[in-house]
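Below are the chains, spelled out letter by letter.
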Amino acid sequence: MATIAENPVVLIDGSSYLFRAYYAPPHLTNSKGEATGAVYGVVNMLRSLLKQVEPERIAVVFDAKGKNFRHELFPEYKANRPPMPDDLRTQIEPLHAIIRAMGLPLIAEPGVEADDVIGTLAIQLAKDGHHVLISTGDKDMAQLVNDKIMLVNTMTDTLLDESGVIEKFGVSPEQIIDYLALMGDSVDNIPGVPKCGPKTAVKWLKAYGSLHGLLDHQDEIKGKIGENLRHFAPQLPLSHQLATIRTNLELSLSSDDLKIKHEDRDLLIKLFGELEFKRWLAQLLEDQSSAASLADSAGTDELLVRPVSENYEMILTEEQLDHWCSLLEQSELFAVDTETTSLDYMKADLVGLSFSVLPGEAAYLPIGHDYEDAPLQLDRELVLKKLKPILEDPTKAKVGQNLKYDRSVLVRAGIHLKGIAFDTMLESYVLNSTGTRHDMDSLALKYLQHQCISFESVAGKGAKQLTFNQINLEQAYPYAAEDADITLRLHQILWPQLSKESGLKSLFEEVELPLVSILSDVERRGVRIDSDLLNHHSIRLAKRIDELESKAHELAGEAFNLGSPKQLQRILFEVMGLPVVKKTPKGAPSTAEEVLVELALDYPLPATILEYRGLSKLKSTYTDKLPKLVNPESQRLHTSYHQAVTATGRLSSSDPNLQNIPIRNEEGRKIRQAFIPADGFKLVAIDYSQIELRIMAHLSADEGLLDAFAQGKDIHRATAAEVFGESLDDVTKEQRRNAKAINFGLIYGMSAFGLSRQLGIGRYEAQSYMDTYFERYPGVHRYMEETRARAADDGFVETIFGRRLYLPEIKARNGARRAAAERAAINAPMQGSAADIIKKAMIAVDRYIHEQGYEDKVRMLMQVHDELVFEVAEDHVVELAAQLKAIMEDAVQLHIPLVAEVGIGDNWDEAH
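Since we're looking at a predicted model, the values are computed, not measured. (Residues numbered from 1 in each chain as written. Predicted model: local features only at pLDDT ≥ 70, side-chain atom pairs only at ≥ 80, totals over all residues. Heavy atoms only, no water.)

Compared with an ideal rise of 1.5 Å per residue, which puts 26 residues at 38 Å, helix α23 (residues 531–556) spans 37 Å between its outermost C-alpha atoms and is within 8% of the ideal. Within the sequence span of α23, burial applies to Leu-534, His-537, Ser-538, Leu-541, Ile-545, Leu-548, Ala-552 and Ala-556. The inward-facing, buried residues of α23 abut β13 (528–529), α24 (565–575), α26 (604–623) and α27 (666–672). The N-terminus of α23 is capped by Asp-530, whose side-chain oxygen sits 3.2 Å from the backbone nitrogen of Asp-532. Note on α23: the residue one or two positions beyond its end, Gly-557, has a positive phi of about 85°. (Helix = DSSP H or I, 4+ residues; strand = E, 2+ residues; numbered from the N terminus. Expected span 1.5 Å × (residues − 1). Buried < 20%, exposed > 50% of the residue type's maximum accessible area, 1.4 Å probe, protein only. Contact = heavy atoms within 4.5 Å. Polar contact = N/O pair within 3.5 Å; in protein donor to acceptor, adjacent residues only side chain to side chain.)

Here you go:
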């Protein structure tokens, strides 16, 4: 019985899928009357095949528009086919868009048919050693089958290998073209021998071996069929040509071009919404563990509708305002949301607020719509005066979606939001960080099967997009009120799920939620930078970049654009003849960074290019850009921290991204020198030392690691002593470096092959190092094996504090994907625990500052990886730095002590 080889390259006959889907039920249409059945059918088959095979490389191949070479051979080719139905033609563009959004390579080569593209790719891939699976319902493809190429019919779920072709057709794959030529094809209008059906064709080919052999003995065929054969024999070579799938096309494609890319979820949501595929909209936002249950409950695809129980109002009178203030005061919990002029919390002016106290009941209170002829709105000062006691009351519980932003906006309006009890973005994130995006629209689709009113639908798109204060109130109020309503509805679904898990519940209540207000304060506080110093750096970098450009031109022997991959490609590999290390997906020599790093070991020009690229990026990303981001009011730099982005729980930052400023090279340190304290203050940077290794020691409970940390040993030196059999004093710098690579490599699930590449040693030597490591630290090995097994059973791993990190591919059939998930299972608890610890430290430090009334002496400015950066009053810096260090070291209790290292200086570089 035929079975699919592991990790085949899958080639899909998209045109075959399209016509089969069009003529098969269900014949779907959306609410606009547009046909969607063919799109649904093709995508359904694709999803099924992807789930069954789990390939890494794939191509969906369609016939291109227009005629092809077979029409030149035989003008009547396919002349009998009716024109494509209009309701099928209209489905091609959205289908192609969905396929591309799914991350699947789509190919339509002009002048040839999909069969020829598939044939060429299949034969070439097979020659290169790949197993190939062709998904089609077209019998012509059987001619391509060999020991490396198989067919699968998705509709019937049948596989055809070489023996399967013989069993199905009665002839071998090598005889299929002759078989097709003899029978002809009325659909494609390929002439054959009249009255010659499958049985006759098989009989002749078994008797004479081939079409050529049959024609050599055509006089032996008796009766009317023999007359037909002899009469139509002159046209059989043409039929043979028409039935032959070309396998020698010149395609600028390699196997790398066929790698599946990340899906564009935003675009898929948009496309599925337009086509009204409700179930897929919901499934798209589900992880593997919950997708099946949602699919069972979601029913058939139907139009997404807004809730029918809406009762939204616009507050324009003081009487209405008083009524809603009364509702808010009496409510145990209410949802609140703000509408503003900007997404930048430092610039956003309050335009209005929306509230919801019951599902389906919400109101929008406009105070800043100032377009021409806008209706009269309540006085801003009156509104804020009446709302301030409610919004600042810590006993009045509030829920919102990304309340950190709303809190910062309200602070600008003179209101310090308190009573933040829930945040639906964080509820979703803690529940499952990877199961969905955590914006309100995505959550509404996932949990409510509801498509929210889009901002673009009320504000427009592109350069002409309006800010919210310019939007007509009749359009604005349903949009704004819906935000509050949906937030409340989401909370009522998310919180019961979250509160069932005590670990997740405490993580939300004790870590993520308290951090909302702290991060809001840190963001608005900002950090001072020396713009003049950065400008000076930019000038110096520009000079050095120019020097490097001139040097590169000199080394190349001609001028060229260093920023152009094509020109660099020509210089390196055509003009200078450097060895090709790696090729691009299109088969051209790669000039990617890892390629240049390898070439730079032996050639000066790649080294020059690398330095040029690195300095150019620093200049454009930091020295040029940071001064432009300084807020004109605060005269400080303000980043945005994101709690619900990374899978592991780590904070990320943007505008600017403070997490990626280099620290290991001089130029990166010069940028950090521009981060300075306020007058009368020092910068204090406190960084957890080797925190992930300490977490590994805690989680594994390995006696050797615990002992090394408890005694305060240099962990890399201690590891080197164990692995290389040396005393601590005799460990060399090289041995310590190798031990450090082993320590961190194991945390990240590195294989012996990866370690060998990093250390520049043989694979067997690297494996020997790892084997010795596990002999010396058996607890680590036991922890890793138990974690892999537990992850496979549960589908997730947990941090020390109960944060769950789901691994949907831990049971993947594809070995590479499964291995990647297993590596993540080892590393995620350490990264996630480190994230939890730094967050707990931020909360503990913030509590200390407020309890002691030190707000004017200590200011938390930045969180970067495992480091917190403070502005501390100069006359208290020594004692307060020591106190902050102690608080961070006591933030959590592990089996071994946490160690934090303190730096004090007049800039970030000095303090690090």
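Attention shifts here to the pattern of salt bridges. One pass over the full model with this rule turns up 42 salt bridges. Between Glu-501 and Arg-804 there is a salt bridge; the shortest N-O distance is 2.9 Å. Of this pair, Glu-501 sits in the loop between α21 (473–499) and α22 (502–525) while Arg-804 sits in strand β19 (residues 804–806), and the two are 303 residues apart along the sequence. Shared partners join several salt bridges into a network, and the residues in it are Glu-512, Arg-803, Asp-836 and Lys-839. (Salt bridge = Lys/Arg side-chain N within 4 Å of Asp/Glu carboxyl O.)

Taken in spatial order, the six strands of this open sheet run β3-β2-β1-β4-β5-β6, and their pairing is mixed. Lying at the two open borders of the sheet, with one neighbouring strand each, are β3 (106–107) and β6 (158–160). Bridge analysis of strand β4 (residues 132–135) against strand β5 (residues 149–153) gives four bridges, and the strand direction is parallel. Bridge pairing links Ile-134 to Leu-151 in β5. (Pairing = 2+ DSSP bridges.)

On to the sheet that holds strand β9 (residues 350–358). The strands making up a sheet associate through hydrogen bonds between their backbones, and the pairing can be parallel or antiparallel. Spatially, β7-β10-β9-β8-β11-β12 is the arrangement adopted by the six strands of the open sheet, whose pairing is mixed. Either end of the sheet is taken by a strand with one partner, and the two such strands are β7 (311–314) and β12 (420–423). Across the sheet, the axes of successive neighbouring strands diverge by a mean angle of 25°, strand direction being ignored. Where strand β11 (residues 397–400) lies against β12, three bridges are found, and the strand directions are parallel. (Axes fitted to C-alpha atoms, helices over the stretch in contact; angles between N-to-C directions.)

Residues Val-132 and Ile-134 point to one face of β4 and Leu-133 and Ser-135 to the other, with burial holding for every one of them. Across four bridges, strand β1 (residues 9–13) lies against β4 in parallel orientation. Residue pairing for β4: Leu-11 is matched across the bridge by Ile-134.

Grouped together as the largest cluster of nonpolar side chains are 172 residues, with contacts concentrated most on Phe-355, Leu-391, Phe-675, Met-862 and Phe-870. Here this core gets twelve residues from one element, more than from any other, and that element is helix α35 (residues 815–852). In contact with Phe-675, not counting residues within four places along its chain, are Val-527, Arg-528, Ile-529, Leu-626, Leu-637, Leu-658, Ile-661, Leu-683, Met-862, Asp-906, Asn-907 and Trp-908. Within the second largest apolar cluster, 48 residues are counted, among which are Ala-114, Val-117, Leu-151 and Ile-176. (Core = buried A, V, L, I, M, F, W, Y, C linked by side-chain atoms within 4.5 Å.)

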